[in-house]
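# Structure at a glance
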Amino acid sequence: MADVMNVGVNLEAFSQAINAIQALRSSVTRVFDSLKDGMKNKETLEGTEKAFITDFQNNLQSVNRDLNELERLSGLVGRPSESHPLHNSGLLSLDPVQDKTPLYSQLLQAYKWSNKLQYHAGLASNLLNQQSLKRSANQMGASAKRRPKVQPSTLVPHPQYVDDVITRIGRMFPDMSIELFRPNGTSAVLLVSLGKVLKAIVVMRSLFIDRTIVRGFNENIYSEDGKLDIWSKSQYQVFQKVTDHATTALLHYQLPQMPDVVVRSFMTWLRSYIKLFQSPCQRCGRFLQDGLPPTWRDFRTLEAFHDTCRM
Amino acid sequence: MGVTCVCQVPVTEGKSVQQTVDVLHKKLEQLGAVKQGSFCVDCETYHAIGNVTGQPSKLLYVMHNSETPLSCHALFEGGPCLTADGNFDVLMLKLKSHFQNAKAHKVECRGSRYRYCDFLIKVGTVTMSSSGRGITVEVEYCPCVVPGDCWNLMKEFMQTFLGSSVPEWPSVFSTKPEGLYAPADCVDTMNQYLELFNKLRKQQVPGSNVR
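Bear in mind that the values here come from a model prediction, so they are computed numbers and not experimental data.

Each helix and strand counted, chain B has 5 helices and 8 strands in total. The linear arrangement of helices and strands in chain B, starting from the amino end, is β-α-β-β-β-β-α-β-β-β-α-α-α. Counting across all 211 residues of chain B, residues that qualify as buried make up 51%. For chain B, the exposed surface amounts to about 10300 Å²; the carbon and sulfur share of it is 54%.

Another aspect to go through is the nonpolar core. One finds A:Phe266, A:Met267, A:Phe277, B:Phe119, B:Ile121 and B:Val137 to be the most contacted residues of the largest nonpolar core, which totals 77 residues. In terms of residue count, helix H3 (residues 147–162) of chain B provides more of this core than any other element does, 8 residues in total. In terms of nonpolar packing, the next biggest core, distinct from the first, is built from 19 residues, B:Cys109, B:Val126, B:Met190 and B:Tyr193 among them.

Moving on, we get to the pairing of strand S2 (residues 34–48) of chain B. Residue and element names in this part refer to chain B. Relative to strand S6 (residues 99–116), S2 runs antiparallel, the two sharing 12 bridges. By the bridge assignment, His 47 is partnered in S6 with Gln 100. Here S2 pairs with strand S3 (residues 59–65) via 7 bridges, running antiparallel. Within S3, the position partnered with Val 41 by the bridge is Asn 65.

All names here are of chain A. Here chain A shows a mean pLDDT of 83. Residues at 70 or above account for 83%. Between residues 1–8, whose pLDDT stays under 50, and residues either more than four places distant or in other chains, the model counts 3 contacts. Low pLDDT, under 50, characterises residues 140–154; the stretch is placed with 17 contacts to residues that sit more than four places away or in other chains.

As for its position among the elements, B:Tyr141 is in strand S8 (residues 131–141). Judged by relative accessible area, B:Tyr141 falls into the buried class, the value being 0%. Put simply, B:Tyr141 and B:Trp151 are 10 residues apart on the chain and 9.4 Å apart in space, counted from C-alpha to C-alpha. Excluding residues within four positions of it along the chain, B:Tyr141 makes contact with A:Val238, A:Phe277, A:Pro293, B:Gly2, B:Val3, B:Asp118, B:Phe119, B:Cys150, B:Leu153 and B:Met154.

Attention now goes to the packing of aromatic side chains. Inspection of every chain in the model, using the stated rule, returns 16 aromatic pairs over all chains. With a centroid separation of 5.2 Å and 85° between ring planes, the pair formed by A:Trp269 and A:Tyr273 is classed as edge-to-face. Just as A:Trp269 is buried, A:Tyr273 falls in that class too. Pairing B:Phe119 with B:Phe157 gives two aromatic rings, centres 4.0 Å apart and planes at 15°, and the pair type is stacked. Residue B:Phe119 is found in strand S7 (residues 119–128), and its partner B:Phe157 is found in helix H3; the two are separated by 38 residues along the sequence. For B:Phe119, a relative accessible area of 0% corresponds to the buried category. A connected cluster of aromatic rings, assembled from ring pairs, spans A:Tyr236, A:Phe239, A:Phe277, B:Tyr116, B:Phe119, B:Tyr141, B:Phe157 and B:Phe161. Directly above the ring of A:Trp296 sits A:Arg310, whose terminal nitrogen or CZ lies 3.8 Å from the centroid. It is B:Lys58 that lies over the ring of B:Phe76; its NZ or CZ is 5.6 Å from the centre.

With that settled, consider the sheet that holds strand S5 (residues 81–85) of chain B. Residues and elements named next belong to chain B. Taken in spatial order, the 8 strands line up as S1-S8-S7-S6-S2-S3-S4-S5 in an open sheet, and their pairing is antiparallel. Among the strands making up the open sheet, the edge pair consists of strand S1 (3–9) and S5. This sheet shows a mean twist of 25° between the axes of neighbouring strands, independent of strand direction. With respect to the sheet, helix H1 (residues 17–31) is in contact with S1, S6, S7 and S8, its orientation differing from that of S7 by roughly 175°.

Residue and element names in this part refer to chain B. Positive phi values are uncommon outside glycine, yet Cys 117 reaches one of about 55°. Along the polypeptide, Cys 117 turns up in the loop between S6 and S7. Residue Cys 117 is classed as buried on the basis of its relative accessible area of 14%. Despite not being glycine, Ser 129 shows a phi value in the positive range, around 40°. Relative to the helices and strands, Ser 129 resides in the loop between S7 and S8.

With that settled, consider the interface of chain B and chain A. Many structure descriptions define interface size as the accessible area lost when the parts assemble. Of the residues lining the interface, 19 residues belong to chain B; the matching set on chain A comes to 17 residues. Summing both partners gives a buried area of about 1700 Å² for chain B against chain A, and 61% of it is carried by carbon and sulfur. At the junction of chain B and chain A, the tally comes to 0 salt bridges. Viewed at the interface, chain A and chain B are joined by 6 residue pairs in polar contact (both at pLDDT 80 or more). Each residue belonging to the side of chain B that touches chain A can be placed in one class, and the counts come to 14 nonpolar, 1 polar and 4 charged.

Bringing the sheet that holds strand S2 (residues 189–194) of chain A into the picture now. All names here are of chain A. Reading across from one edge, S1-S2-S3-S4 is the order of the 4 strands in this open sheet, with antiparallel pairing throughout. In the strand order of this sheet, the two ends are held by strand S1 (176–181) and strand S4 (208–216), each with one partner. Going across the sheet, the axis of each strand differs from the next one's by a mean of 20°, ignoring polarity. Relative to strand S3 (residues 198–205), S2 runs antiparallel, the two being bridged by 6 bridges. Residue Leu 190 lies in a different strand from S3, and its bridge partner there is Val 202. Along the sheet, helix H6 (residues 237–252) makes contact with S3 and S4, crossing S4 at roughly 165°. Here helix H7 (residues 259–271) sits on the sheet in contact with S1, S2, S3 and S4, set at roughly 30° to S2.

Once that is clear, we can look at the packing of H1(B) against H3(B). Residue and element names in this part refer to chain B. Two numbers describe how H1 lies on H3: the axes approach to 9 Å, and their chain directions differ by 120°. In terms of their interaxial angle, H1 and H3 are classed as oblique. Note on element contacts: H3 touches H1 through Phe 157, Thr 160, Phe 161 and Leu 162, opposite Leu 24, Lys 27, Leu 28 and Leu 31. Taken together, the residues of the contact of H1 with H3 sort by class into 6 nonpolar, 1 polar and 1 charged.

Examined against the element boundaries, B:Asp149 turns out to sit in helix H3. Although B:Asp149 is buried, it forms no salt bridge, and the closest oppositely charged side chain is A:Lys275 at an N-O distance of 7.0 Å. Here the side chain of B:Asp149 touches A:Gln278 through a polar contact of 2.7 Å, side chain to side chain.

Analysis parameters
- Counting of residues starts from 1 at the beginning of each chain's written sequence and follows it residue by residue.
- By the order in which they are written, chains take letters starting at A while ligands take numbers starting at 1.
- Note on the predicted model: pLDDT of at least 70 is required for a residue's local features to be given, and 80 or more for side-chain atom pairs to be given and counted; whole-chain, interface and lining totals, by contrast, use all residues.
- Processing note: side-chain calculations cover all non-hydrogen atoms of the structure and skip hydrogens and water entirely.
- Helical segments are the DSSP runs of H or I of at least four residues, strand segments are the runs of E of at least two, and each set is numbered from the N terminus.
- Categorising residues by exposure relies on relative accessible area from a 1.4 Å probe, with only protein chains included: less than 20% of the type maximum marks a residue as buried, more than 50% marks it as exposed, and the intermediate range marks it as partly exposed.
- In these tables, accessible area is a Shrake-Rupley quantity obtained with a 1.4 Å probe, and a residue counts as shielded only by the protein chains included in the view.
- Only buried residues count toward a nonpolar core. Its members are Ala, Val, Leu, Ile, Met, Phe, Trp, Tyr and Cys residues joined through side-chain atoms within 4.5 Å.
- At least two DSSP bridges between two strands are needed for those strands to be called paired.
- Each residue carries a pLDDT value, the predictor's own confidence for that position, ranging from 0 to 100.
- The contact definition used throughout considers only heavy atoms, calling two residues in contact when any of these lie within 4.5 Å.
- Ring pairs shown here join Phe, Tyr and Trp side chains whose ring centres sit within 6.5 Å, with only the six-membered ring taken for Trp; geometry is labelled stacked below 30 degrees between planes, edge-to-face above 60, and tilted in between.
- By the criterion adopted, a ring carries a charge over it if an Arg CZ or a Lys NZ lies within 6 Å of its centre and within 35 degrees of its normal.
- Fitting a line to C-alpha atoms yields each axis, with helices limited to the stretch in contact; the angle taken between N-to-C directions then spans 0 to 180 degrees.
- Buried surface area refers to the total accessible area, computed with a probe of radius 1.4 Å, that the two partners give up upon joining, counted for both partners together.
- Just to be clear on terms, a salt bridge is a Lys or Arg side-chain nitrogen sitting within 4 Å of an Asp or Glu carboxyl oxygen.
- Nitrogen and oxygen atoms within 3.5 Å of one another constitute a polar contact, given that in protein one can donate a hydrogen and the other can accept it, and given that sequence-neighbouring residues count only through two side-chain atoms.
- Throughout, the ten residues Ala, Val, Leu, Ile, Met, Phe, Trp, Tyr, Cys and Pro are labelled nonpolar, Asp, Glu, Lys and Arg are labelled charged, and all others, Gly among them, are labelled polar.
- Each angle receives one of four descriptions, namely roughly parallel if under 35 degrees, roughly antiparallel if over 145, roughly perpendicular if within 65 to 115, and oblique otherwise.
- Charged residues are defined here as Lys and Arg on the positive side and Asp and Glu on the negative side; His and the ends of the chain fall outside this count.

Structure, rendered in structure tokens:
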């Protein structure tokens, strides 16, 4: 209803404004007409001069009046057009010659399409979220709905914020020490030492975990030139397996809206490896299978399983 | 580098030392262990002389391990131990007036080295003045550094090829602060070998030469 009312007011103002323009034009024409005619029809010089000046003044005054009226009306016309849901493009509906320029109907069609597309994309992302394997799928799902709200704060958090989040997580787990390095630019690299069991290098990209590598407690974490070695894998099969599982965990714990929760869940999961050599498999009850201890930790219960026992 | 446990395996009745060792080798290979060369641990005994009279002379053991071929371990009986360069042996010659080599007490342990996953297994025979005295099995679990953490796991592994003769918790593990295994210099391993050699030395020599 409001829209209809708005349009009504709009139209009235428009017609008044058009009338005002017509009035203005005719008054302006009268000025020039009288100027063009001059004083040729008058007989006495004095009388003609006086009459001509009054006439000219009258004409100018009417022009002035008409112009003021038009300005007043234009103020009225401008405001309602802004409240239209399609903004200025909504004015296209006022075009009386639909057959020649069907812009407005085409525009409505395009809007309908875009709405439908958004709706379907939302449905698809929901479905993909339910069985996501890749973080990219998750991010797209979230971006369909949440991008305008959340992304700006999560994609480029201040390094100080990342530091704070990491320190807070470090304080949560006393048996886990987390050191933060920034070897190249703002991206952080975490060195996580878990008891006397393992050391994990976690490469971050803002607050998203990019990759991780797990090595034994007695293995080198620095390369020969004294920098953190984030590439070479552990020489022990146990930790190679744990690295694989940690990578799986990275893909599992994904929540692009709240990346700090992801880091915390990942660290909680990683912490369950403090009993890597101590806990037997929850299914077969044994310590070793093919020479390896239970290297898998359930994502929810954190229970220990052999890689082949977890199915 | 990891946690190591050295134990003695009794010779199966009715079989020679070599036959028992062969059975162990076969069991390991069936398990999937791969043979990786051989190993050798030896131990020489020195008497400390020139002590204050009345005190029993202390013993000094100088040991070598093929796992650390450039080092030499010297263990004082019931006291400190040190790890030195290989030419420590030459130094001992110069200290002849203080430490006398008891040549007859030289013990050697030789055998094969196997790798299975992250485990290192060494099966050796101990010889003392050219007579075979027994069989040793050394199991090392490389990724772990805390014996208390992985002992159950190691025990389960040893059960798979040793059966009932799985050793008890080695005493060297208990003495460490924080329970951490002494890593690089493998002093704990040498201590276990020394303990075992001393035990074997006290045992009665079997009637016949078992080798």
